[in-house]
Every structure is written in structure tokens, then in C-alpha cells.
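An overview of the molecular structure
So you can see what is in the structure, the chains are spelled out below.
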Amino acid sequence: MKPAASINAVPDQQDRLIAWFAALAIAIHILEASFPSPVPGIKPGLANAVTLIVLLRHGLRAAIWVGALRVLVGSLLVGSLMTPTFWLSASGATLSILVLCLGAAWNRALPAARLSAIGLSVLAALAHMSGQFFVAYRLFIPHPGLLRLLPLLLGAALLFGTVTGWIASRILARLPPLATSAVGDEAPR
Amino acid sequence: MTRADRVVIVLAALLVGVAAGAYWQPRTVADRVEVQVGDGTPQVYSLDTQRHIEVHGALGTSMLEIEDGRIRFVSSPCRNKVCIHSGWLSMSGDATACLPNRVTIALLGHGAPEIDAVSQ
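Keep in mind that what you see is a predicted model, and the values were worked out from it rather than measured. All residue numbers here refer to positions counted from 1 along the written sequence of the relevant chain. To read the labels, note that chains go from A and ligands from 1, taken in the order they are written. Side-chain atom pairs in this predicted model are given and counted only at pLDDT of 80 or more, local residue features only at pLDDT of at least 70, and totals for whole chains, interfaces and linings cover all residues. With hydrogens and water stripped out, all remaining heavy atoms of the structure feed into the side-chain values.

A look at the sheet that holds strand 5 (residues 70-75) of chain B
Residue and element names in this part refer to chain B.
- By definition, two strands form a pair when at least two bridges between them are found by DSSP. Helix and strand assignments follow DSSP, with helices taken as H or I runs no shorter than four residues and strands as E runs no shorter than two, numbered in order from the N terminus. Read across the sheet, three strands follow the order 3-4-5 without closing on themselves; strand pairing throughout is antiparallel. In this open sheet, the two strands that pair with only one neighbour each are strand 3 (51-56) and strand 5. Averaged over all neighbouring strand pairs, the angle between strand axes comes to 30 degrees, with direction disregarded.
- Two elements, strand 3 and strand 4 (residues 61-67), share six bridges in a ladder whose sense is antiparallel. Looking across to strand 4, one finds that Val55 is bridged to Ser62. Orientation is described by axes fitted as lines to C-alpha atoms, over the contacting stretch for helices, and by angles from 0 to 180 degrees between their N-to-C directions.

Printed below as a string of C-alpha cells:
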């Protein structure tokens with residue numbers, strides 16, 4: 001029989017899953033960070049496709065882990081940790097994960113009117129943009145001129161949110177169905 | 001795509017439309033620029049006179065250049081240089097910022113109302 005400490009230190013199946021998906025999301029995050037953007041605050045957010053796929057296949061808990069790890073480790077590697085960029089990214093990610101929680105609750109409560117990856121992605125993208133815009137406006141540049149960017153930023157969030165959701169739904173359709181021993185919030189362990 | 005997805009997309013498009021209606025304004029040629037550091041008092045400069053402006057922000061000095069009725073960031077002590085990549089600005093309502101250095105510039109139009117009056 002193993003001592004208790006070493007049992008705690010062994011990563012279980014869900015830990016490996018989270019690490020694997022987080023690594024994928026971080027790689028996409030870094031690739032995207034290397035492309036310049038015409039307007040600050042706009043980027044495709046393809047890494048969110050990973051969060052969405054994890055949410056829809058493995059449940060909320062794993063999705064929150066993957067999303068949080070991506071923002072933290074991604075910004076650590078890009079070098080923006082604790083800079084304004086990081087706080088914008090973190091506030092956007094927090095709000096979009098909260099919205100994904102609501103979306104997951106909605107889908108549980110009303111399976112007849114369920115949101116697919118596309119609807120969830122649009123909601124998450126708008127939440128992300130609103131969150132980072134609010135922080136930018138309140139904390140960093142409380143200037144009314146910033147509000148002029150809002151329609152453009154929200155329009156971009158809608159566009160990229162739809163595209164990311166579509167990509168996520170195509171990937172989900174191609175992935176093999178999960179085995180019955182799948183890890184997830186509702187699945188028995 | 002489910003029906004709920006379509007509802008979400010339509011509502012999101014409405015939101016973008018409402019934001020555009022509330023905050024979009026027709027563009028006119030600017031004649032002044034408002035330079036602000038953090039939430040400090042904005043300084044207004046005319047775009048008529050060619051000059052360089054040193055702005056002391058949170059990280060260091062940002063250099064602005066005014067020439068031919070337009071303005072740009074020449075240098076700034078930030079990492080991404082988003083402000084410099086914005087290039088020359090000349091239209092009323094154009095704005096850019098060096099977020100790390102907390103420097104914002106916004107162009108004001110001829111006889112245009114104060115931007116404060118934009119809020120609905």
C-alpha cells in the first residue's frame with residue numbers, strides 16, 4: 001500500500017486531460033500574440049475554441065482550469081504577466097468563463113433550447129470584450145474617446161466569436177465520442 | 001447551429017447596432033488634439049503648428065509629433081508599440097493610447113461639441 005502523500009501527488013486522468021488541453025490553448029495563445037492587430041483589443045481568440053471544446057466534452061470544471069491556466073501561463077510566456085495587457089486579458093477571461101458557466105446552466109435547465117458551441121462562443125466573446133473594455137475604461141484610460149471604439153470592438157467580438165464557435169463545433173463533430181469512463185462533472189469517477 | 005444560437009447572434013448584432021448608434025459619429029477633420037496622462041487634466045494643442053511634444057507617463061517619456069494637421073506617436077517606452085503603429089491621426093474622433101504609459105491622445109474637430117457630450 002502506498003503512503004497517502006504519494007497518492008495525492010499522482011496526477012489523475014482529469015489532471016492529464018486539463019494539462020494537455022491547457023498546453024494546446026497556450027500554444028495557440030502565443031501564436032496569436034505574435035501577430036500584430038490593427039486595433040488594440042481585437043484578436044481572433046482561437047484559443048477559446050479549446051476552452052469551448054473542453055466545456056462541451058469534459059464539463060465546466062475542466063474548462064475553468066484550462067481557461068485560467070491559459071491566461072496565466074500564456075501571459076507568463078508572452079511576458080505580459082502583471083502588465084495592463086494581462087489584467088485586460090484576465091478580466092475578459094474571468095467574465096467569459098462566468099458567462100460560459102451561465103450558458104452551461106442554461107443548457108442543463110433547458111435542453112430543448114440548448115446553445116451549441118457557436119452560441120456559447122458568441123456569448124463568451126462578447127463577455128470577454130465587455131470585461132476587458134470595462135477594465136480598460138475604468139482603470140487605465142477613463143477617457144470618453146475610448147467609447148468610440150466600442151461598436152468596432154463589439155462587432156469584432158461577434159465576428160470572431162462566431163468563427164471560433166464554428167471552428168469548435170466542426171472539431172467537436174470530428175472528435176470520436178467519449179468512452180463511458182469519460183471524466184467530467186457529471187460522469188461517475 | 002441551434003435555434004438558441006441564432007437568437008444569440010441576432011441579439012448580439014442588435015447590441016453592436018445599439019453601440020454604433022450611441023457612440024459612432026461622422027468624421028470631420030480635426031484641428032486640435034487632447035493629450036491626457038492617466039486620469040490627469042487633459043492638455044489641448046493645436047494641430048496647426050508643427051512641433052514635438054514630450055509627455056511624461058507612467059513608464060517614461062512618450063514623444064508626439066504634430067505636422068500638417070496630424071499627429072503621431074514617435075516613440076514610447078512600451079513593449080508592443082501599439083501607439084506608434086497607429087500612425088498619423090488627423091480626423092476628429094481619432095484616438096489612440098499608449099496603454100502601458102497611460103498616455104491617451106484624442107483629436108477634436110472644428111467647433112465640435114465637447115466629447116463629454118457624447119454619452120447618451
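Having seen the structure, we can now continue with the description.
Here we look at the side chain of Arg57 of chain A
- You can see Arg57 of chain A is positioned in helix 3 (residues 47-58).
- Throughout, a residue-residue contact means that at least one pair of heavy atoms, one from each residue, lies within 4.5 Å. Excluding its chain neighbours within four sequence positions, the residues that come into contact with Arg57 of chain A are Leu172, Leu175, Pro176 and Leu178 of chain A.

Concerning helix 4 (residues 60-78) of chain A
Residue and element names in this part refer to chain A.
- For helix 4, spanning 19 residues, the distance from its first C-alpha to its last is 26 Å, which sits close to the expected 27 Å at 1.5 Å a residue.
- Relative accessibility thresholds used throughout: buried, under 20% of the residue-type maximum; exposed, over 50%; partly exposed, between the two (1.4 Å probe, protein chains only). Turning to helix 4, its buried residues are Leu60, Ala62, Ala63, Val66, Gly67, Arg70, Val71, Gly74 and Ser75.
- At its buried positions, helix 4 is contacted by helix 2 (13-33), helix 3 and helix 5 (84-109).
- A positive backbone phi angle near 95 degrees is found at Gly79, which sits one or two residues after helix 4. Between the first and last residue of a helix there are one fewer steps than residues, each counted as 1.5 Å, and that sum is the expected span.

Some thoughts on the nonpolar core
- The nonpolar core is taken to be a set of buried Ala, Val, Leu, Ile, Met, Phe, Trp, Tyr and Cys residues, with the residues joined through side-chain atoms within 4.5 Å. Formed by 50 residues in total, the largest nonpolar core has its most connected members in Val54, Leu55, Val66 and Leu154 of chain A.
- Those elements that provide at least two residues to this core are helix 2, helix 3, helix 4, helix 5, helix 6 (117-140) and helix 7 (150-174) of chain A together with helix 1 (3-23) of chain B.
- Of all the elements, helix 6 of chain A adds the most residues to this core, at 11 residues.
- Sequence-distant contacts of Leu154 of chain A, defined by excluding residues within four places in its chain, comprise Leu126, Met129 and Ser130 of chain A together with Leu15, Val16 and Ala19 of chain B.
- Val35, Ile53, Phe73 and Cys78 of chain B belong to the second largest nonpolar core, which has 18 residues in total.

Things to note about the packing of helix 2 of chain A against helix 3 of chain A
All names here are of chain A.
- Closest axis-to-axis distance for the helix 2/helix 3 pair is 7 Å, and the angle between their directions is 160 degrees. As judged from the angle between their axes, helix 2 and helix 3 are roughly antiparallel. In the packing of helix 2 onto helix 3, the handedness of the crossing is right-handed. On helix 3, the residues that touch Gln14, Leu17, Phe21, Leu24, Ala25, Ile28 and His29 of helix 2 are Ala47, Val50, Val54 and His58.
- When its residues are assigned to classes, the contact of helix 2 with helix 3 shows eight nonpolar, three polar and no charged. Working definition: roughly parallel below 35 degrees, roughly antiparallel above 145 degrees, roughly perpendicular at 65 to 115 degrees, and oblique for all remaining angles. Take the far helix as the reference: if the near one is turned anticlockwise from it by less than a right angle, the crossing is left-handed, and if turned clockwise, right-handed. Lys, Arg, Asp and Glu make up the charged group, whereas Ala, Val, Leu, Ile, Met, Phe, Trp, Tyr, Cys and Pro make up the nonpolar group; the residues left over, Gly among them, are polar.

A look at helix 2 of chain A
All names here are of chain A.
- Along its 21 residues, helix 2 runs 30 Å from first to last C-alpha, staying within 8% of the 30 Å computed at 1.5 Å per residue.
- Along helix 2, the residues that are buried comprise Gln14, Leu17, Ile18, Phe21, Ala22, Ala25, Ile26, His29 and Glu32. Here the buried residues of helix 2 occupy an arc of 160 degrees about the axis, which is enough to place them on one side. Counted as exposed and oriented over 90 degrees from the buried face of helix 2: Arg16, Trp20 and Leu31.
- The elements touched by buried residues of helix 2 are helix 3 and helix 4.
- Polar contact is the term for a pair of N or O atoms within 3.5 Å; when the atoms are in protein, one must be able to donate a hydrogen and the other to accept it, and sequence-neighboring residues count only if both atoms are side-chain atoms. For helix 2, the side-chain oxygen to backbone nitrogen distance between the N-cap and Gln14 is 3.1 Å, and the N-cap itself is Asp12. Note that the arc is defined by the directions from the helix axis to the C-beta atoms.

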